[in-house]
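# Structural overview for review
Given next are the chains, with one letter for each unit.
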Amino acid sequence: MKKRLLSAVLAGVMIVSAAATGCGSKSSSDDGTFTPTKTIQWMCTTSAGGGYDILTRKIREIMPTKDLVNGQTIVVTNKTDGSGEVGRNEVATTTRDADYQLLTFNSGDLMPMVMNTKNRSSNFRILAIMAVDKQLLFKGTDTAYDTFLDAVKAAEAGTKVIIGGSKGDDVATYEALIAELGVSADNMTYITYDSTGDAITAALGGHVEFVISKPAAATEYVAAGSLIPVLALATERYTGNLADAPTLSEIGDYNDVEIPVWRGVAAPAAMSDAAVAYWSETLKTVSETDEWLNEYIDANKLVADYMDTATATTYVTQYEADYMAENGIE
């Protein structure tokens, strides 16, 4: 019922969004260039402390220090209502000061959006893709299972094992995992949280046995010894303090499970072409800084994969089409 109600509410404002799409060709000044002269609003649709929030705030940190926003302030708003759909729809339908509105937009946002609402990637301007991420399964120190294989055997015997995680790509990874394991969702249950940070908190408190997380959100907890990596959801092991986590094929007669996660930045459909070009180029500059490469990409074991607005738009459009086809969405 909640899903149908949210779809109906968002569908009701799509006329505004569609009208805004046509505004995207306007330039921000007479010479067709854009330079920010007022406060920039940045929407992040996960809670503070999650992987997407970390990306957002790292970019916000780098831009002013590298003098990339003409001395303007960037204000980040975390809005998780409706699993983030309210915040995304707010950005999609923004027409006033559209050149000053940014949105953290990832595969984990797109998947539930097209599944549950009428919004599509075409209701946004895709500014850039900044990185590709993969996931691991972690356990808290109070978890009853020594290894993930122990938990699999328990689930096969009828014991309920609880995994926590965020929405979107975390859910897709969980579904791929239990499909490969051949265990029931009733016995290996998934609880969805507003962000990875919230799911980690649940694991630390002993409310779930395992948590799905990207390295970015879990690194400090692994270093502190409060989260233990038990399964690399990738085709090969991670490095550093995550190296002890085996892949799925290493613990049994299974194929490895890997759902790559792209991380990007979008904007309202009404953003001008001049502003789109400005933000895409600015994000490219961010992606080349030592702070980004060392303190974000390397520190969080991501893959640096910048795509400009044209390449990113093509990539996201195809990703969306493939996902919709796989799930029978028209």
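Fair warning: this is a prediction, and the values are worked out from it, not measured in the lab.

Attention shifts here to the packing of helix α5 (residues 107–116) against helix α13 (residues 309–326). Packing of α5 against α13 leaves a shortest axis separation of 11 Å and a crossing angle of 45°. Accordingly, the angle class assigned to the pair α5 and α13 is oblique. For α5 against α13, the interelement crossing comes out right-handed. Taken together, the residues of α13 that come into contact with α5 (itself represented by S107, L110, M111, V114 and M115) are V316, Y319, E320, Y323 and M324. Here the residues of the contact of α5 with α13 are counted per class, giving 8 nonpolar, 1 polar and 1 charged.

One rule of thumb: low pLDDT means the predicted coordinates there are not for detailed reading. On average, residues of the chain score 89 in pLDDT, and 91% of them are at 70 or above. For the stretch residues 1–27, pLDDT sits under 50, and the model shows 39 contacts to residues farther than four places along the chain or on other chains.

Here the focus is the sheet that holds strand β3 (residues 101–106). Taken in spatial order, the 6 strands of this open sheet run β2-β1-β3-β10-β4-β11, and their pairing is mixed. On the outer flanks of this sheet lie β2 (74–78) and β11 (303–307), each paired with one strand and no other. For this sheet, the mean inter-axis angle between neighbouring strands, taken without regard to orientation, is 25°. One ladder, built from 3 bridges, connects strand β4 (residues 124–133) with β11; its direction is antiparallel. Across the sheet, residue I129 finds its bridge partner in β11, namely M307. Strands in contact with helix α4 (residues 85–92) are β1 (40–44), β3, β4 and β10 (261–268); relative to β3, the strand with the most contacts, it is inclined by about 135°. Helix α11 (residues 273–287) rests against β1, β3, β4, β10 and β11 of the sheet, and its axis sits at about 10° to β4.

All right, on to the sheet that holds strand β5 (residues 135–140) then. An order of β7-β6-β8-β5-β9 is seen for the 5 strands of this open sheet, with the pairing classed as mixed. With one partner strand each, in any of the chains shown, β7 (188–192) and β9 (227–233) form the two edges of the open sheet. The sheet shows a mean angle of 30° between the axes of neighbouring strands, taken without regard to direction. Sheet analysis places strand β6 (residues 161–165) next to strand β8 (residues 210–213), joined by 2 bridges and oriented parallel. For G164, the partnering residue across the bridge sits in β8 and is V211. On top of the sheet, helix α8 (residues 196–204) reaches β5, β6, β8 and β9; it is set at about 155° to β8, its chief contact.

Take the packing of aromatic side chains next. Throughout the structure, instances matching the rule amount to 13 aromatic pairs. Measuring from ring centre to ring centre gives 5.4 Å for F34 and Y100, while their planes differ by 70°; the resulting arrangement is edge-to-face. Taken as a pair, F34 in the loop between α2 (14–21) and β1 and Y100 in the loop between α4 and β3 lie far apart in primary sequence, 66 residues in all. Exposure remark for F34: the relative accessible area of 7% places this residue in the buried category. Judged by centre distance (6.3 Å) and plane angle (50°), the ring pair of F34 and W279 falls under tilted. Of the two residues, F34 is situated in the loop between α2 and β1 and W279 in helix α11; the sequence distance between them amounts to 245 residues. Counting every residue linked through ring pairs, the aromatic cluster contains F105, F124, W262, Y315 and Y319. K38 extends its terminal NZ or CZ atom over the ring of Y100, reaching a point 5.4 Å from the ring centre.

In this section: helix α7 (residues 169–181). Helix length check: α7, at 13 residues, gives a terminal C-alpha distance of 18 Å against a target of 18 Å (1.5 Å per residue), a fit within 8%. D169, D170, A172, T173, Y174, L177, I178 and L181 are the residues of α7 that are buried. Taken from the residues just after α7, G182 is the one with a positive phi, measuring 75°.

Our next topic: helix α12 (residues 290–298). Residues of α12 that are buried include every one of W292, Y296 and I297, and no others. The arc that holds every buried residue of α12, seen down its axis, measures 85°, which confines them to one face. Turned more than 90 degrees off the buried face of α12, the exposed positions are D290 and D298. Of the surrounding secondary structure, the elements contacted by the buried residues of α12 are α3 (51–65), β4, β10, α11 and β11.

Rules of the game
Residues numbered from 1 in each chain as written. Predicted model: local features only at pLDDT ≥ 70, side-chain atom pairs only at ≥ 80, totals over all residues. Heavy atoms only, no water. Axes fitted to C-alpha atoms, helices over the stretch in contact; angles between N-to-C directions. Helix = DSSP H or I, 4+ residues; strand = E, 2+ residues; numbered from the N terminus. Parallel < 35°, antiparallel > 145°, perpendicular 65-115°, else oblique. Left-handed = near helix turned anticlockwise from the far one by under 90°. Contact = heavy atoms within 4.5 Å. Nonpolar A, V, L, I, M, F, W, Y, C, P; charged D, E, K, R; others polar. pLDDT = per-residue confidence, 0-100. Pairing = 2+ DSSP bridges. Phe/Tyr/Trp six-rings, centres within 6.5 Å; stacked < 30°, edge-to-face > 60°. Buried < 20%, exposed > 50% of the residue type's maximum accessible area, 1.4 Å probe, protein only. Lys NZ or Arg CZ within 6 Å of the ring centre and 35° of its normal. Expected span 1.5 Å × (residues − 1). Arc of directions from axis to C-beta.

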